[in-house]
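Listed below, chain by chain, are the residues.
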Amino acid sequence: MAEIIIYGSCVSRDTFSIMEQEHRLLAYVARQSLISAMTQPTTLLEPAKLDSKFQSRMLNGDLKSDLLGTLRKHSMQADLLLIDLTDERLGVHKLPDNSFVTRSSELIQSGLLNKLNPIPGVIQIGTERHWIFWERAANRFVDHLSSIGLFDKTIIVNTPWAAESVEGAPVPGYRNFTVNEMNGHLRRYGEHLKRLGLRVLEMPEELAKSTKNHKWGIAPFHYQDSAYEWISKEIELSLSGLK
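Quantities reported herein were computed from a predicted structural model and do not represent experimental measurements.

What counts and what doesn't
Residues numbered from 1 in each chain as written. Predicted model: local features only at pLDDT ≥ 70, side-chain atom pairs only at ≥ 80, totals over all residues. Heavy atoms only, no water. Helix = DSSP H or I, 4+ residues; strand = E, 2+ residues; numbered from the N terminus. Contact = heavy atoms within 4.5 Å. Polar contact = N/O pair within 3.5 Å; in protein donor to acceptor, adjacent residues only side chain to side chain. Pairing = 2+ DSSP bridges. Phe/Tyr/Trp six-rings, centres within 6.5 Å; stacked < 30°, edge-to-face > 60°. Lys NZ or Arg CZ within 6 Å of the ring centre and 35° of its normal. Core = buried A, V, L, I, M, F, W, Y, C linked by side-chain atoms within 4.5 Å. Buried < 20%, exposed > 50% of the residue type's maximum accessible area, 1.4 Å probe, protein only. Salt bridge = Lys/Arg side-chain N within 4 Å of Asp/Glu carboxyl O. Right-handed = clockwise from strand over helix to strand, strands pointing away.

Draft legend 1. Looking closely at the environment of Tyr28. Within the secondary structure, Tyr28 sits in strand β2 (residues 24-30). Distance in space between the C-alpha atoms of Tyr28 and Leu67 is 9.4 Å, their sequence separation being 39 residues. With residues near it in sequence (within four places) discarded, Tyr28 still touches Ile6, Gly8, Ser9, Cys10, Arg13, Phe54 and Met58. Within the structure, the side chain of Tyr28 is placed 3.2 Å from the backbone oxygen of Ser9, a separation counted as a polar contact.

Right, dumping it as structure tokens:
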């Protein structure tokens, strides 16, 4: 049984759901852009309490930039750190105290930004400003992985977004992005992590299809079962190589 940390989105968490009888999830950090995670916690926003305990925990973790603390806590025990970049789609806000928060649906739902005047604009993925902040954060992140012994235990899962469902229906883009645009942005970010020496699993594009039967509904990053099966098999192979 492997001990696994997930930093990413439902892509990795849904994959783990078909592996959890064989392995144990140590921690799950989601809705936290690497930009937010690698900068200081904000002092301007109070913790939120949403109806969902999970959503509250993820939002407040983002406000506290708690990724590194979580990784340090479990680094000695972890066999694998599984990462996907899907939540970078959310973009970030730069706050007046020079901190960053991720523009998650939980942040929008909380209304916390309404307490700031003016409300900071969103820095969207695909802009040069987002790339500059993210590249800097990624470089620091990889240095931290090395310092806490997780560099060689880290796998990035790069999954192309789905433009159509297995039922033949077109899949709508996300916010103002088309599927092709977002695939280009996420590919650029994944390639940078690969250049920094991290292992990146590239899911075949033919598996990138959504389905109306997905438990979260159709979306570019909600895949058919065979996609999650492919990812889980690749993770198992990687775990075998780590032992």
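So much for the structure itself; the text now carries on.
Draft legend 2. Spatial organisation of the pairing of strand β8 (residues 199-202). Taken together, the 4 bridges between strand β7 (residues 154-158) and β8 define a ladder with parallel strand orientation. Following the sheet pairing, Ile155 is matched in β8 by Arg199.

Draft legend 3. Spatial organisation of the packing of aromatic side chains. Summed over the entire model, instances satisfying the criterion amount to 10 aromatic pairs. Taken together through their ring pairs, the aromatic side chains of Trp131, Trp134 and Tyr189 make up a single cluster. The cationic tip of Arg89 hangs over the ring face of Tyr174; the distance from NZ or CZ to the ring centre is 4.9 Å. The cationic tip of Arg188 hangs over the ring face of Trp131; the distance from NZ or CZ to the ring centre is 3.8 Å.

Draft legend 4. Seen up close, the nonpolar core. Judged by nonpolar contacts, the single largest core of 69 residues is most densely connected at Tyr7, Leu34, Leu71, Leu81, Trp134, Phe141 and Tyr223. Of all the elements, helix α6 (residues 128-147) adds the most residues to this core, at 8 residues. For Leu71, the residues in contact, after removing those within four places along its chain, are Ile5, Leu81, Phe141, Leu145, Ile148 and Leu150. Among the nonpolar cores identified, the runner-up in size contains 11 residues, and Leu45, Leu50, Leu63 and Leu116 belong to it.

Draft legend 5. Quick look at the sheet that holds strand β6 (residues 122-123). Across the sheet, which stays open at both edges, the 3 strands sit in the order β5-β4-β6 with antiparallel pairing between neighbours. Strands at the two margins of the open sheet, each flanked by one partner only, are β5 (100-102) and β6. Of the strand pairs in this sheet, strand β4 (residues 92-94) and β6 are connected by 2 bridges, and their pairing is antiparallel. From the neighbouring strand, His93 faces β6, where its bridge partner is Val122.

Draft legend 6. Seen up close, the pattern of salt bridges. As enumerated under the stated definition, the model contains 6 salt bridges in all. Between Glu20 and Arg13 there is a salt bridge whose closest N-O contact spans 3.9 Å. For Glu20, a relative accessible area of 40% gives the class partly exposed. Arg13 gets classed as partly exposed once you look at its relative accessible area, which sits at 26%.

Draft legend 7. Structural detail: the pairing of strand β1 (residues 3-8). For β1, a buried count of 6 out of 6 residues is recorded, marking the element as mostly surrounded by other parts of the structure. Side chains Glu3, Ile5 and Tyr7 project from β1 onto one buried face, and the interleaved Ile4, Ile6 and Gly8 project onto a second face that is buried too. Here 6 bridges tie β1 to β2, and the two strands are oriented parallel to one another. Directly across from Ile4, in β2, lies its bridge partner Leu25. As for the winding sense of the linkage, the β-α-β connection from β1 through helix α1 (residues 10-16) to β2 is right-handed. When β1 meets strand β3 (residues 80-84), the two strands line up parallel, connected through 4 bridges.

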